[in-house]
Amino acid sequence: MGETTRRTALFGGLTVTAAGALAFATAGRAGAAVEVPDIHPTSEWDARPAGGAIVVENHKPTYIVVHHTVDPGNNTDYSLAHALQISRDIQNFHMDTRGWIDTGQQFTNSRGGHVTEGRHRSLEVLRGGTQHVQGANVADHNSECLGIENEGLYSTVDVPVALWNSLVQLIAHIADQYGITPEFIKGHRDFNSTECCGQVLYDRLPELRTEVGRLLGVSTARADVPEWPLLKPGDTGPRVATAQRFLRAAGFGVPTDGVFAAATTRAVTKLAAEHGLSRDSCTAARAVDESGFLGSDVWPLIVPAGRSTAAWRSELAR
Ligand SMILES: [Zn+2]
């Protein structure tokens, strides 16, 4: 059995940390006790020094964001050695190809369920529980998000059990450290127009919130407003037709046939560029072309005025 965090004890209204006092310390939260996961620091995987100053935000993160690395192989090497290797690979890709100062995400979770520190200082600052390291993993939202990269591609296949279990444990620990409630666990696509964290893993986020909530001893009964839907080139249907009507109203010469083809892709790409929306923000381990994707950062630009964001999101979720 692992140790419990100091914060868990404080939630119970007592400051005791001795293992023997655990039952009393956590009684205030329905007996919840969040284990501290084993997180392998940058020093353990021979990370390169950061190429610039690490920014530490002087506040807690608002959201915990789930990503996938888009590694199409869905590797079957579940060893710790492999987890340390992908940490190096991702850092090299982010520094050498993306041009970032360091790994984009704060933490990485391997298919074998091994968790490593991504960006330098993320672990030490998490343990402090009052600040967070600014990463590069959610365009325009990096000061409020803490990102976890999950090794693999989960658009059509499910995550391994080991990865799922370590993800639940890691998120519960982060949420416990910062006092974040489960509804603030998000997928990358809830902020940017990206497939990340893969449709299958994304569809499991409600389950993830429930499991994390159980570990935290908090209720997840609150019904969230649906997120903006993600539409992609090749998609068809009434939502595509709705988006096309909005794009036409915004001056783009697209058909309203409900088929997300070349003209619609061009219109969305142009709109995104005009508004300076990043299309290469994901911390994936390789480059992915998502230039025509229509999601969370595009809908607010095209929905007609006069209704609230929540009303539109609910409407489009039907
Ligand atoms: Zn992502």
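Figured I'd write up the structure that's included with this text. Positions within a chain are numbered from 1, following the residues in the order the chain's sequence is written. With the structure being a predicted model, the display of local features is reserved for residues of pLDDT at least 70 and the display and counting of side-chain atom pairs for 80 or more, all residues being used for whole-chain, interface and lining totals. With hydrogens and water stripped out, all remaining heavy atoms of the structure feed into the side-chain values.

## Description of the pairing of strand 3 (residues 63-68)
Move 1: Relative accessibility decides the category of a residue: with a 1.4 Å probe and only protein chains considered, values under 20% of the type maximum give buried, values over 50% give exposed, and everything between is partly exposed. The helix count covers DSSP runs of H or I at least four residues long, the strand count covers runs of E at least two residues long, and both are numbered beginning at the N terminus. Of all six residues in strand 3, six are buried; the element is thus mostly enclosed.
Move 2: Neither face of strand 3 is exposed, since Y63, V65 and H67 on one face and I64, V66 and H68 on the opposite face are all buried.
Move 3: Strands are labelled as partners when DSSP assigns at least two bridges between them. As paired elements, strand 3 and strand 7 (residues 145-150) share six bridges and run parallel to each other. From the neighbouring strand, H67 faces strand 7, where its bridge partner is E149.
Move 4: As judged from the three bridges shared by strand 3 and strand 8 (residues 185-187), these two strands associate in the parallel manner. Residue pairing in the sheet places V66 in a bridge with G187 of strand 8.

## Digging into unusual backbone geometry
Move 1: Omega for the bond connecting C196 with C197 falls within 30 degrees of zero, at 15°, which places this linkage in the cis form.
Move 2: Mapped onto the elements, C197 comes out in the loop between strand 8 and helix 6 (199-203).
Move 3: For V70, which is not glycine, the phi torsion reads 60° and is therefore positive.
Move 4: Looking at the secondary structure, you find V70 in the loop between strand 3 and helix 3 (80-97).

## Considering the packing of aromatic side chains
Move 1: Centre distance within 6.5 Å is the pairing criterion for rings of Phe, Tyr and Trp, where only the six-membered ring of Trp is used; planes under 30 degrees apart are then read as stacked, over 60 as edge-to-face, and the remainder as tilted. This model, assessed by the stated rule, comprises five aromatic pairs.
Move 2: An angle of 50° between the planes, with centres 5.8 Å apart, marks the rings of Y63 and F184 as tilted. Of this pair, Y63 sits in strand 3 while F184 sits in the loop between helix 5 (161-178) and strand 8, and the two are 121 residues apart along the sequence.
Move 3: Among the residues examined, F184 registers a relative accessible area of 29% and is labelled partly exposed.
Move 4: When the ring of W228 is compared with that of W299, the centres are 6.3 Å apart and the planes differ by 10°; the resulting orientation is stacked. Residue W228 is found in the loop between helix 7 (205-216) and helix 8 (238-249), and its partner W299 is found in helix 10 (residues 299-302); the two are separated by 71 residues along the sequence.

## Things to note about the pairing of strand 7
Looking down a regular strand, the side chains alternate between one sheet face and the other.
Move 1: In terms of burial, strand 7 is largely enclosed, as six of its six residues are buried.
Move 2: Side-chain alternation along strand 7 places C145, G147 and E149 on one buried face and L146, I148 and N150 on a second face that is also buried.
Move 3: As defined by bridge partners, strand 4 (residues 107-109) adjoins strand 7 across three bridges and the pair is classed as parallel. Note on strand 7: the bridge partner recorded for T108 is E149.

## Side note on the pattern of salt bridges
Move 1: What makes a salt bridge here is a side-chain nitrogen of Lys or Arg within 4 Å of a carboxyl oxygen of Asp or Glu, nothing more. Scanning the entire structure with this criterion turns up eleven salt bridges.
Move 2: We note a salt bridge from E124 to R121, for which the minimum N-O separation is 2.8 Å.
Move 3: By relative accessible area, E124 is classed as partly exposed at 46%.
Move 4: We classify R121 as partly exposed; its relative accessible area is 36%.
Move 5: Close ionic contact of E315 with R318 constitutes a salt bridge, the shortest N to O distance being 3.4 Å.
Move 6: Residue class for E315 comes out partly exposed when judged on its relative accessible area of 33%.
Move 7: With a relative accessible area of 74%, R318 lands in the exposed category.
Move 8: Through salt bridges with shared partners, a single network forms among D158, R204 and E207.

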